[in-house]
Amino acid sequence: MHFKKLGSFFLSAVMSVSIALNYVGSVSAATVITENTTGTEDGYDYELWKDTGTTSMTLTGGGTFSCQWSNINNALFRKGQKFDCTKTYKELGNIQVDYNVDYNPNGNSYLCVYGWTREPLVEYYIVESWGSWRPPGATSMGTINVDGGTYDVYHTIRENQPSIDGTTTFDQYWSVRTDKKTSGTISVSQHFEAWEAKGLPMGKMYEVALCVEGYQSSGSATVKQFDISVGGEIQQPTQPEPVEPDENGFFFHSDFENSNDDWSARGSNTVKAVTDNAYMGNKALYASDRTEAWNGAGKSISANAFVPGKPYSFNAMVMQNSIASEDFKLSLQYNDASGETQYATIAEATGEKGQWVQLANTSFTIPSGASSMLLYVETAENLTSFYVDEAFGAVEGTVFEVEPPVTTTTTTTTTTTTTTTTTTTTTTTTTTTTSTTTTTTLPALDVTVYGDANNDGEVKMADVIRVMCYANNKALFPLDEQGLLNCDVYQRGDGVDTSDALSIQKYVAQILKTLPESVK
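Residues numbered from 1 in each chain as written. Predicted model: local features only at pLDDT ≥ 70, side-chain atom pairs only at ≥ 80, totals over all residues. Heavy atoms only, no water.

## Quick word on the packing of aromatic side chains
Turning to step 1, where the next piece is worked out: With the rule as written, the count across this model stands at 24 aromatic pairs.
Turning to step 2, where the next piece is worked out: Centroid distance Phe192 to Trp195: 5.6 Å. Interplanar angle 45°. Geometry classified as tilted. On the criterion of helical spacing, the pair formed by Phe192 and Trp195 is a turn pair, its members being three residues apart in helix H3 (residues 188–197).
Turning to step 3, where the next piece is worked out: On the basis of relative accessible area, Trp195 is assigned to the buried category, the value being 0%.
Turning to step 4, where the next piece is worked out: Through a chain of ring-to-ring contacts, the aromatic side chains of Phe251, Phe252, Phe306, Tyr312, Phe314 and Phe364 assemble into a single cluster.
Turning to step 5, where the next piece is worked out: One Lys or Arg, Lys299, reaches over the ring of Phe252 and ends 5.1 Å from the middle of that ring.
Turning to step 6, where the next piece is worked out: When the ring centre of Tyr470 is taken as origin, the NZ or CZ atom of Lys474, which lies over that ring, is 5.0 Å away. (Phe/Tyr/Trp six-rings, centres within 6.5 Å; stacked < 30°, edge-to-face > 60°. Helix = DSSP H or I, 4+ residues; strand = E, 2+ residues; numbered from the N terminus. Buried < 20%, exposed > 50% of the residue type's maximum accessible area, 1.4 Å probe, protein only. Lys NZ or Arg CZ within 6 Å of the ring centre and 35° of its normal.)

Below, the structure written as structure tokens:
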């Protein structure tokens, strides 16, 4: 199995802590900065870094700030405390942060505690929340419990990459929460101790900061609280409380009406809540831009709720609008007791084009010793874009009743009378023929966003490229039904070709103000 390697996604940028700075100094509260800048405010070190795009960081005193980003490749915003690399975290004493962030990513992004050590040179992340993709795309070294939450621990290596000591090779340590969180307490030193217990040594402290990161995405965040304390005895971790199901037996129930519900991309693809199709309600999760069959939509699940060795009920409704039929799988990725990554199939089903199909298993036993668990939807072979709705994990035996598709049945009766006359008798025969036609009514599609080929709700150069590829080789680069409907923007009604790609490109370049360009 392969995962999108985004361990590097902010590193060529982030490591330019001392490389590409336009300004150094102190500013007053409510100062707005838009370009690469570093400095101090009220005893907190801050930095805005980007390579391209539009960014804004407003310094609001103490550890607080707000930020916005769009049309960026890579951008980060952070505040924290820097040290002189003369003491280890144990010599400094307990490091703890309290935070509260209004975090609104649109695409790939992190909310994390971030920093460096020297001797050894280590870049580290404690990831509390993320956007469309859960970092770092590597094999977990197991889980740790800190502040009542569960984190997956990862170790990655960066070879000949920018760092605080120039271009070199260094280690990365990661703690990534199994469920997202945007406020609370982070006992930073407890993560350090847990890493060292797993053979990941920390060096002398360079930095501890709260960081908001964006990669080829847009979004905003308001850090309403960020307080850092250093000193005192390092406390022992508090163990997480067991998670109890709700009154309906659900440990989680994702209907995607308000968000991605902590589902994110698995591998190199895009997931987003959309309104063009839904099994129930108004929205469903849409997985697109898939480059491997195992790419799909996934959600981390915690052993505090789904205890290894015990059975549970899992469900997801899925649908595709691209090919005649597709084989779907609901699967579980996990680490076994020896730390090896394993995969288990929970449910399988074949979905016809435009038809919702159920992936369900009312008694699936979590493998014994499982940790770092990821529940995900994938396809058996194809790269078809697909929708997910009404996904849940619940107590054993929980059943989701599937609503049948709307059907219309027409019955036609034909009566034929035949008269036969012989020299002695006349015979009349009546034959009645009945034929039945059943028609399944599929959801009617409407344009969601003109020019949006990949159904992510935005119109970008990626959509231009998708349409150009489709126009040149429809078999190799198919567009689904929704994409074809959205991208017929030039001489609308004659299908999608290179003329439509040109119209979309002019719209992206702001030469055209609206789409479609013309209508037949």
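Moving on, there is more to tell.
## So, the environment of Gly451
Turning to step 1, where the next piece is worked out: With respect to the helices, strands and loops of the structure, Gly451 is situated in the loop between strand S28 (426–440) and helix H4 (461–472).
Turning to step 2, where the next piece is worked out: The sequence separation of Gly451 and Gln505 amounts to 54 residues, and the corresponding C-alpha distance is 9.1 Å.
Turning to step 3, where the next piece is worked out: Discounting residues that sit within four places of it in the chain, Gly451 has contacts with Val459, Asp463, Asn486, Cys487, Val489, Ile504 and Leu515. (Contact = heavy atoms within 4.5 Å.)

## Comments concerning the pairing of strand S10 (residues 140–146)
Turning to step 1, where the next piece is worked out: Bridging between S10 and strand S11 (residues 149–161) involves five bridges; their strand directions are antiparallel. Considered in S11, the bridge of Val146 is made with Gly149.
Turning to step 2, where the next piece is worked out: Hairpin geometry of S10 and S11 is characterised by an intervening segment of two residues between the two adjacent antiparallel strands and by a positive phi of about 55° at Asp147. (Pairing = 2+ DSSP bridges.)

## What to know about the confidence of the model for the chain
Turning to step 1, where the next piece is worked out: Scored by pLDDT, the chain comes out at a mean of 86, with 86% of its residues at no less than 70.
Turning to step 2, where the next piece is worked out: Averaged over each element, pLDDT in the chain is lowest for helix H1 (residues 11–14) (35) and highest for strand S14 (residues 204–205) (98).
Turning to step 3, where the next piece is worked out: Low pLDDT (under 50) marks residues 1–29, which in the prediction has 95 contacts with non-local residues, meaning those over four places away or in another chain. (pLDDT = per-residue confidence, 0-100.)

## Here's the deal with the nonpolar core
One broad rule of soluble globular proteins: the nonpolar side chains tend to lie buried together.
Turning to step 1, where the next piece is worked out: Formed by 54 residues in total, the largest nonpolar core has its most connected members in Trp263, Phe306, Phe314, Ile366, Val377 and Val388.
Turning to step 2, where the next piece is worked out: Excluding residues that lie within four positions of it along the chain, Val388 makes contacts with Phe256, Ala284, Leu285, Ala316, Met317, Val318, Trp356 and Val377.
Turning to step 3, where the next piece is worked out: Residues Tyr46, Leu59, Val122 and Leu210 belong to the second largest nonpolar core, which totals 45 residues. (Core = buried A, V, L, I, M, F, W, Y, C linked by side-chain atoms within 4.5 Å.)

## Focus on the pairing of strand S22 (residues 325–335)
Turning to step 1, where the next piece is worked out: Taking burial as the measure, the 11 residues of S22 include eight buried ones, the bulk of the element.
Turning to step 2, where the next piece is worked out: Where S22 and strand S23 (residues 341–352) come together, 11 bridges link them in antiparallel fashion. Bridge pairing in S23 links Asn335 to Thr341.
Turning to step 3, where the next piece is worked out: Taking the residues that link successive antiparallel strands as the turn, the S22-S23 hairpin has five residues, and the phi of Gly339 there is positive, at about 90°.

## Looking at the packing of H4 against helix H6 (residues 498–508)
Turning to step 1, where the next piece is worked out: At a minimum axis separation of 9 Å, H4 and H6 run at an interaxial angle of 170°. Of the possible angle classes, the one that applies to H4 and H6 is roughly antiparallel. Where H4 approaches H6, its residues Met461, Val464, Val467, Met468 and Ala471 are matched on the opposing element by Thr498, Ala501, Ile504, Gln505 and Val508.
Turning to step 2, where the next piece is worked out: For the contact of H4 with H6, the class distribution of residues is eight nonpolar, two polar and no charged. (Axes fitted to C-alpha atoms, helices over the stretch in contact; angles between N-to-C directions. Parallel < 35°, antiparallel > 145°, perpendicular 65-115°, else oblique. Nonpolar A, V, L, I, M, F, W, Y, C, P; charged D, E, K, R; others polar.)

## Quick look at H4
Turning to step 1, where the next piece is worked out: Helix length check: H4 (12 residues) gives 17 Å between terminal C-alpha atoms against 16 Å at 1.5 Å per residue, within 8%.
Turning to step 2, where the next piece is worked out: Every buried residue belonging to H4 is among Asp463, Val464, Val467 and Tyr470, and all of these are buried. Angularly, the buried residues of H4 cover 130° about the axis, an arc narrow enough to put them on a single face. (Expected span 1.5 Å × (residues − 1). Arc of directions from axis to C-beta.)

## Observations concerning unusual backbone geometry
Turning to step 1, where the next piece is worked out: For the bond from Glu119 to Pro120, the omega torsion is 5°, close enough to zero to count as cis.
Turning to step 2, where the next piece is worked out: Structurally, the position occupied by Pro120 is in the loop between strand S8 (95–118) and strand S9 (122–130).
Turning to step 3, where the next piece is worked out: Leu515 connects to Pro516 through a cis peptide bond whose omega is 5°.
Turning to step 4, where the next piece is worked out: With respect to the secondary-structure elements, Pro516 resides in the segment after H6.
Turning to step 5, where the next piece is worked out: Look at Asp147: it is not a glycine, yet its phi comes out positive at around 55°.
Turning to step 6, where the next piece is worked out: With respect to the helices and strands, the residue Asp147 is situated in the loop between S10 and S11.
Turning to step 7, where the next piece is worked out: Given a relative accessible area of 23%, Asp147 falls into the partly exposed group.

## Some points on the sheet that holds strand S20 (residues 296–301)
Turning to step 1, where the next piece is worked out: An order of S17-S20-S25-S22-S23 is seen for the five strands of this open sheet, with the pairing classed as antiparallel. Whereas interior strands pair on both sides, the edge strands pair on one side only; in this sheet they are strand S17 (264–266) and S23. Adjacent strand axes in the sheet meet at a mean angle of 30°, parallel and antiparallel pairs treated alike.
Turning to step 2, where the next piece is worked out: With three bridges joining them, S17 and S20 adopt antiparallel strand pairing. Bridge assignment links Ala265 to a residue of S20, and that residue is Ala297.

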